[in-house]
Amino acid sequence: MASSPPVFRFAPSPNGRLHLGHAYSALVNERLAARLRGKLLLRIEDIDLTRCRPEFEQAIHDDLAWLGISFAPQVRRQSLHFPDYRQALGQLEEMGLIYHCFCSRQEVKDAVRRCEAEAGTPWPRDPDGAPLYPGTCRALGEAELRRRREAGEPHVLRLAMDRALARVAGETLSYRLFDEAGEERDIRVDPARWGDVVLARKDVPTSYHLSVVVDDALQNVSHVVRGKDLEAATDIHVLLQRLLGLAVPRYHFHRLLSDETGQKLAKSRLSRSLADLRADGATPEAIRRQLGFT
Ligand code: GLU
């Protein structure tokens, strides 16, 4: 039986215009998908209903078409699939791995400050530099929890990281990292460094981490190609995949353009949108050449 072709995806959020960094990410996906004779999907990551806008979504299609990148016909828009994320949350809830957290940002900050004062040492930070959630709402009693839920207090849903890790104790959690030359190696993950991550936000019934994992699985994505800024977050994704019984794709993390440019001119050029560059007379060929794709 022939095995199915590899599946790649480019997954921008329509909360602004695409810039050269997005073009680079889409082009690396295109190149690797072509090399492995794979399929390339487009996914619109628009769970943030306040920041995402239809005109940005239309612009994503226009910019990518202008660059000459073609995608498989079905485009998945996350905002149309909230029930899928709800179902995954329900699975985790049934396993006892989710809890309600009513803390505001300020309350989290204050709690961290108190912990630091008590311990006399800095509170641990996650790989993005944010303090780990200090666990205030884990201590809520049944009655208080019920009262606050019934009162409809805004809350997020968090993963109880220690309980989640206890469920997979004794197993090695890892993923296959691949590079542009096709070399692969195993990477062990360490999700504990993220603490009790948010899986459903106050205003949105899911989060980036949850929806990306659910969608990659539902779309049979076999090769995730994205920027190095999302490398550490992959630890959370692999844990969620394991807990939800989902396949773990292979991962490749490409360099970030803005990290590479020392020069001011280049920097300001990098942050300009593809639409601006196009209006200034740039051609798709010139953009491809500039980014190292010929
Ligand atoms: N939507 C994310 C972004 O625009 C990318 C998510 C991913 O590739 O996993 O940064």
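Note: the structure precedes this text.
Let me sum up the structure you'll find in this document.

What counts and what doesn't
- Residues numbered from 1 in each chain as written.
- Predicted model: local features only at pLDDT ≥ 70, side-chain atom pairs only at ≥ 80, totals over all residues.
- Heavy atoms only, no water.
- Helix = DSSP H or I, 4+ residues; strand = E, 2+ residues; numbered from the N terminus.
- Buried < 20%, exposed > 50% of the residue type's maximum accessible area, 1.4 Å probe, protein only.
- Contact = heavy atoms within 4.5 Å.
- Polar contact = N/O pair within 3.5 Å; in protein donor to acceptor, adjacent residues only side chain to side chain.
- Phe/Tyr/Trp six-rings, centres within 6.5 Å; stacked < 30°, edge-to-face > 60°.
- Lys NZ or Arg CZ within 6 Å of the ring centre and 35° of its normal.
- Pairing = 2+ DSSP bridges.
- Axes fitted to C-alpha atoms, helices over the stretch in contact; angles between N-to-C directions.
- Salt bridge = Lys/Arg side-chain N within 4 Å of Asp/Glu carboxyl O.
- Near = heavy atom within 4 Å.
- Areas by Shrake-Rupley, 256 points an atom, 1.4 Å probe, with all protein chains shown as cover.
- Nonpolar A, V, L, I, M, F, W, Y, C, P; charged D, E, K, R; others polar.

Focus on the environment of Pro-191
Locating Pro-191 in the fold gives a position in the loop between strand E7 (184-188) and strand E8 (198-200). Assessed through its relative accessible area of 4%, Pro-191 is described here as buried. Spatially, the C-alpha atoms of Pro-191 and Thr-172 are 12 Å apart, while their sequence positions differ by 19 residues. Other than its neighbours up to four places away in sequence, Pro-191 contacts Met-161, Leu-165, Leu-173, Asp-235 and Leu-239.

So, the side chain of His-209
You can see His-209 is positioned in helix H7 (residues 208-218). Reaching out from His-209, the side chain makes a polar contact with the side chain of His-237 at a distance of 3.0 Å. Setting aside chain neighbours within four positions, we find His-209 in contact with Val-198, Leu-199, Ala-233, Ile-236, His-237 and Leu-240.

Quick notes on the packing of aromatic side chains
Per the counting criterion, the structure on display carries six aromatic pairs. Here a set of aromatic residues connected by ring pairs shows up, and it is made of Tyr-175, Tyr-251 and Phe-253. One residue, Arg-158, lies across the ring of Tyr-133, its end atom 3.8 Å from the ring centre. The ring of Trp-66 has Arg-278 sitting right over it, with the charged end atom 5.2 Å from the ring centre.

Here's the deal with the sheet that holds E8
Pairing is antiparallel across the open sheet formed by three strands, whose spatial order is E4-E5-E8. Every other strand in the sheet has two partners, leaving strand E4 (98-101) and E8 as the edge strands with one partner each. Each strand axis lies, on average, 45 degrees off the axis of its neighbour in the sheet, ignoring direction. Sheet topology places strand E5 (residues 156-159) next to E8; two bridges connect them, and they run antiparallel.

Digging into the pattern of salt bridges
Per the counting criterion, the structure on display carries 31 salt bridges. For the salt bridge of Arg-138 with Asp-162, the shortest nitrogen-to-oxygen distance reads 2.8 Å. Placement of the pair is Arg-138 in the loop between helix H4 (105-119) and helix H5 (142-150) and Asp-162 in helix H6 (residues 161-167), with a sequence separation of 24 residues. We classify Arg-138 as partly exposed; its relative accessible area is 31%. Judged by its relative accessible area of 46%, Asp-162 falls in the partly exposed class. The shortest N-O distance in the salt bridge between Arg-201 and Asp-203 comes to 3.6 Å. In the salt-bridge network here, residues are joined through shared partners; they are Arg-9, Arg-43, Glu-45, Arg-76, Asp-84, Asp-215 and Asp-216.

Some thoughts on the environment of Leu-89
By secondary structure assignment, the location of Leu-89 is in helix H3 (residues 82-94). Taking C-alpha positions, Leu-89 is 9.7 Å from Leu-159, a pair spaced 70 residues apart along the chain. Not counting the four nearest positions on each side in its chain, Leu-89 is found in contact with Ile-98, Leu-157, Leu-199, Ala-200, Pro-205 and Leu-210.

Digging into the site of the ligand
Near the ligand, the surroundings consist of Arg-9, Ala-11, Pro-12, Ser-13, Glu-45, Tyr-208, Val-212, Arg-226 and Leu-230. In the model, a nitrogen atom of the ligand is placed 2.6 Å from a nitrogen or oxygen of the Glu-45 side chain. Take Arg-226: an N or O atom from its side chain is 2.8 Å from an oxygen atom of the ligand. Against a free-state accessible area of 300 Å², the protein chains account for coverage of 76% of the ligand. Class assignment for the residues of the shell around the ligand results in five nonpolar, one polar and three charged.

A closer look at helix H8 (residues 234-244)
Burial within H8 is extensive, with ten of its eleven residues counted as buried. Along H8, the positions that sit buried rather than exposed are Thr-234, Asp-235, Ile-236, His-237, Val-238, Leu-239, Leu-240, Gln-241, Leu-243 and Leu-244. Positive backbone phi, approximately 70 degrees, marks Gly-245, located one or two places after H8.

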